Amino acid sequence: MQVKDMTVEQLRDLIQHTVEQCLEEYFGDPDAGLEVKNEVKQKLLESMQRKQVGESKIESGEVYQKLGIKS
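Basis of the calculations
Residues numbered from 1 in each chain as written. Predicted model: local features only at pLDDT ≥ 70, side-chain atom pairs only at ≥ 80, totals over all residues. Heavy atoms only, no water. Helix = DSSP H or I, 4+ residues; strand = E, 2+ residues; numbered from the N terminus. Rg over C-alpha atoms; globule rule 2.2 N^0.38 Å. Buried < 20%, exposed > 50% of the residue type's maximum accessible area, 1.4 Å probe, protein only. Areas by Shrake-Rupley, 256 points an atom, 1.4 Å probe, with all protein chains shown as cover. Phe/Tyr/Trp six-rings, centres within 6.5 Å; stacked < 30°, edge-to-face > 60°. Patch = residues over 30% accessible without salt bridge, like charges linked within 9 Å, V, L, I, M, F, W, Y side chains within 5 Å. Salt bridge = Lys/Arg side-chain N within 4 Å of Asp/Glu carboxyl O. Lys, Arg positive; Asp, Glu negative; His and termini not counted. Charge placed at Lys NZ, Arg CZ, Asp CG, Glu CD.

Observations regarding the overall build of the chain
Thinking step 1. Check the secondary structure of the chain and you find three helices and zero strands.
Thinking step 2. Secondary structure elements of the chain, listed N to C terminal, follow the sequence α-α-α.
Thinking step 3. On C-alpha atoms alone, the chain measures out to a radius of gyration of 20 Å, which is more than a quarter above the 11 Å that the 2.2 N^0.38 rule sets for 71 residues.
Thinking step 4. Oriented by its inertia axes, the alpha-carbon framework of the chain measures out at about 55 × 30 × 25 Å.
Thinking step 5. Put simply, the chain has 71 residues, and 0% of those count as buried.
Thinking step 6. When the accessible surface of the chain is summed, it comes to about 7,200 Å², and 53% of that surface belongs to carbon and sulfur atoms.

Structural data, given as C-alpha cells:
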C-alpha cells in the first residue's frame, strides 16, 4: 500500500508506530531486567480489580493522604 492510498487514520497509526519503534531502538527499555516488587504487583492487581467492578477512580482525599498533603 502506498501512502497516497492511506486514510488519515492509517497514516497516523503508521507514523505513531514508526516513532515508537525508533524511540525503543534508540533508548531501549530502561526497566529491562528489573523485577517488579511484590508490593507493586499487589497494587496493580487491586487497581485492576477496582476497574473491573467499575470503581476505577481514586478520591482526591485518598491521594492527598497517601502523598502526605493536607487537603
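So, the packing of aromatic side chains
For any two aromatic rings, the description comes down to two numbers: the centre-to-centre distance and the angle of the planes.
Thinking step 1. All told, the structure shown has one aromatic pair when counted by the stated rule.
Thinking step 2. Their ring planes at 85 degrees and their centres at 4.7 Å tell us that Tyr26 and Phe27 sit as a pair that is edge-to-face.
Thinking step 3. Judged by its relative accessible area of 66%, Tyr26 falls in the exposed class.
Thinking step 4. Residue classification places Phe27 among the exposed positions, given a relative accessible area of 60%.

Thoughts on a negative patch on the surface
Thinking step 1. A grouping of Glu24, Glu25, Asp29 and Asp31 is seen on the molecular surface, where their side chains present a negatively charged patch.
Thinking step 2. Among the secondary structure elements, Glu24 is positioned in helix α1 (residues 8–27).

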